[in-house]
Amino acid sequence: MIALGAAEVAALTGGQLFAPAGEEIVVGGNVVRDSREAGAGDLFVAITGESNDGHAYAQRAHDAGAVLTLAERELPVPHVRVENTVAALGRLAAGVLARLREQAEAGGEKLTVLGVTGSAGKTTTKDLLAVLCAQLGPTVAPQASYNNEIGLPLTVLKCTEETRYLVLEMGASGPGHIDELTAIAPLDLAGVLMVGTAHLGGFGSAAAVAAAKAEILAGLVHGGVAVLNADDAQVAAMSAPGAKRLTFSASGRAATCRALDVKLDATSRASFDLEYAGAQSARVDLRLVGAHHVANALAAATFALELGLGVAEAAAVLSTHGPASPHRMDVRQSADGVLVIDDSYNANEDSMRAALRVLQDLAAPRREEGGRALAVLGEMLELGETSAEIHARVGQAAAQAGADVVIALGQAAEPLGQAAAAGGAQVFYASSPEQARELLDLRPGDVVLIKGSHGSGAYRLAEALN
């Protein structure tokens, strides 16, 4: 973060400074919300959550080196008091970003802000885009899935005067959420990957999901660039008045950036010809597992090529980098010969289907030697009234993908298990990741997929299988 005096923090957040008279406080470190991460010169943001109140840890943060706290009530440490620390964090990030953009422009440079949203693929695309932008200049990107009203401003506040590219992931669990994020960080380039059933309970309908994803386009600065998936009808139909429109296609249809001659190897990794603007092309050999990552790679490439990266260089970068965030299509073989597909960070219907296709592909060659396909599928949360229907469709897909054993994890996943059983799979039900581990009877040659919404705890099972 750029150095800010305590009075500047108060001005940018609209808060009131409480500190010893005459004491000069300069925040020159990081902005943190976890006191365990605090260090010298940091700003600690006290956030009241469902289970923890950050105000209780302010002293600990200051003992670790933090010099100022953003708080909602009086504290015995130097602090800026605001009505709502999350909203104030957003105002601080917006103010710092505006200042950095102005400074870059004054020096004849530019700080380019890029944003990505979609029902699936956001984090992988963000990770790929970050390494592509890093070829062009100093780049800041979120860790893991920092894509909400807390994670996004924390990412923005990692920028310094040297930053030239800021890559942001934008999530939404209801209408207006992305509008709030783009108000903090107006975008020079904005991309929509796909519209699916993620968080359907917070929107009410698929049309409302599409409208929420389209909010990212309204967050473009004048003359910005929209990057849209030509293979998704709802995305392709999105309007971005005044913006330059770029498209990408994993199916080979006409688009600014598209994949041709797509092939999958024995490990379900894709290779394809990356074609840009109908002329330039280069071969890409992805290290990511699953055909669905072709679209994510194309989306990232479309951004980077528009920014001036060469096609050959983009292809080389995409062919070099594997998963950068944990629990995302991480395929590994255990010491006892079991192939583990860890895609457990989160889940919706679209990503479940993509993961099941990977399970089917990777299990096929092992069946000849007695290997089985097993799937531990955790409940998908925030689906509202459509939850049972969507879980049932995923259960049918699991059976169609040839899953021999399905463990339905969580109460909401019961319709998934019932549909999988009706399709011929052997089904067990688990109320916790620990119980799912007890039910798993893995043998050498087996392939097991672990996937579910973060709240299902499926990732804990994946970690237990390390």
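Counting of residues starts from 1 at the beginning of each chain's written sequence and follows it residue by residue. Reporting in this predicted model follows two pLDDT cut-offs: at least 70 for local features of residues, and 80 or more for side-chain atom pairs to be given and counted; totals over whole chains, interfaces and linings ignore these cut-offs and use all residues. Processing note: side-chain calculations cover all non-hydrogen atoms of the structure and skip hydrogens and water entirely.

Help me understand the pairing of strand β16 (residues 280-289), please; the structure alone is not making it clear to me.
A pair of strands is treated as paired once DSSP finds two or more bridges between them. Every helix listed is a DSSP run of H or I at least four residues long, and every strand listed is a run of E at least two residues long, numbered separately from the N terminus. With seven bridges connecting them, strand β15 (residues 269-276) and β16 associate as antiparallel partners. Residue pairing for β16: L274 is matched across the bridge by A282. With antiparallel pairing between neighbouring strands as the criterion, β15 and β16 make up a hairpin whose turn holds three residues, including A277 at a positive phi of roughly 55°.

So what exactly am I meant to see when it comes to the nonpolar core here?
As a rule of thumb, nonpolar side chains are buried together in soluble globular proteins. The biggest cluster of nonpolar side chains holds 55 residues, and the ones touching the most others in it are L166 and L217. Residue contributions to this core peak at eight residues, all from helix α3 (residues 85-106). Setting aside residues up to four positions removed in sequence, L217 forms contacts with A190, V192, A226, L228, M238, S239 and A240. Among buried residues, those of type Ala, Val, Leu, Ile, Met, Phe, Trp, Tyr and Cys that are joined through side-chain atoms within 4.5 Å constitute a nonpolar core. For every residue, the accessible area (1.4 Å probe, protein chains only) is compared with the maximum for its type, and the residue is labelled buried under 20%, exposed over 50%, or partly exposed between those bounds. Core analysis: the next-biggest nonpolar cluster, separate from the first, contains 40 residues, L114, L129, A270 and A315 among them. Only heavy atoms enter the contact rule, under which two residues are in contact if any of them lie within 4.5 Å.

What is the right way to read α3 from this model?
At 3.6 residues per turn, the α-helix brings residues three or four places apart onto the same side. A helix is expected to span 1.5 Å for every residue after the first. An ideal rise of 1.5 Å per residue puts 32 Å on 22 residues; α3 measures up with 31 Å between its terminal C-alpha atoms. Among all positions in α3, only T85, A88, L89, G90, L92, A93, G95, V96, L97, L100, R101 and A104 are buried. Within 3.5 Å is the distance limit for a polar contact, defined as a pair of N or O atoms, with the added protein rule that one can donate a hydrogen and the other accept it, and that residues adjacent in sequence qualify only through two side-chain atoms. Looking at where α3 begins, the residue whose side-chain oxygen comes 3.0 Å from the main-chain nitrogen of V86 is N84. Immediately beyond the C-terminal end of α3, within one or two residues, lies G108, with a positive phi of roughly 75°.

Is there a simple way to explain the environment of S334 in this structure?
Within the secondary structure, S334 is located in the loop between β17 (330-333) and β18 (339-342). Expressed as a C-alpha distance, the spacing of S334 and P444, which sit 110 residues apart in the sequence, is 9.1 Å. A polar atom in the side chain of S334 sits 2.3 Å from the side chain of D336.

I would appreciate a short explanation of the pattern of salt bridges in the present structure.
Pairs may arise between side chains of opposite charge once their charged atoms sit close together. Salt bridges are identified by distance alone: a Lys or Arg side-chain nitrogen within 4 Å of an Asp or Glu carboxyl oxygen. According to the stated counting rule, one finds 23 salt bridges in the structure shown. Residue R367 pairs with D404 through a salt bridge whose shortest N-O separation is 2.8 Å. Taken together, the residues R367 in helix α11 (residues 349-367) and D404 in the loop between α12 (387-400) and β20 (405-409) connect sequence positions 37 residues apart. Take R367: its relative accessible area is 34%, and that puts it in the partly exposed class. For D404, a relative accessible area of 29% puts it in the partly exposed group.

How do you make sense of α11 when you look at a structure like this?
The end-to-end C-alpha separation of α11 is 26 Å, in line with the 27 Å expected for 19 residues at 1.5 Å each. Looking at the buried residues of α11, the elements they touch are β16, β17, β18, β19 (373-378), α12 and β22 (447-451). Capping the start of α11 is the job of one residue whose side-chain oxygen sits 3.0 Å from the backbone nitrogen of D350: N348.

Help me out: how do you make sense of the packing of α11 against α12 in this one?
The packing of two helices is summarised by the inter-axis angle and the distance between the axes. Lines fitted to the C-alpha atoms define the axes, with helices restricted to the stretch that makes contact. Angles between their N-to-C directions range from 0 to 180 degrees. Viewed as axis vectors pointing N to C, α11 and α12 meet at an angle of 10°, and their least axial separation amounts to 9 Å. Between α11 and α12, the crossing angle belongs to the class labelled roughly parallel. In this structure, α11 uses E349, M352, R353, L356 and Q360 to contact α12, whose residues at the interface are I390, R393, V394, A397, A398 and Q400. In the contact of α11 with α12, the residues fall into six nonpolar, two polar and three charged. Between 65 and 115 degrees an angle is taken as roughly perpendicular, under 35 as roughly parallel, over 145 as roughly antiparallel, and anywhere else as oblique. Residues were grouped as follows: Ala, Val, Leu, Ile, Met, Phe, Trp, Tyr, Cys and Pro as nonpolar; Asp, Glu, Lys and Arg as charged; and all remaining residues, including Gly, as polar.

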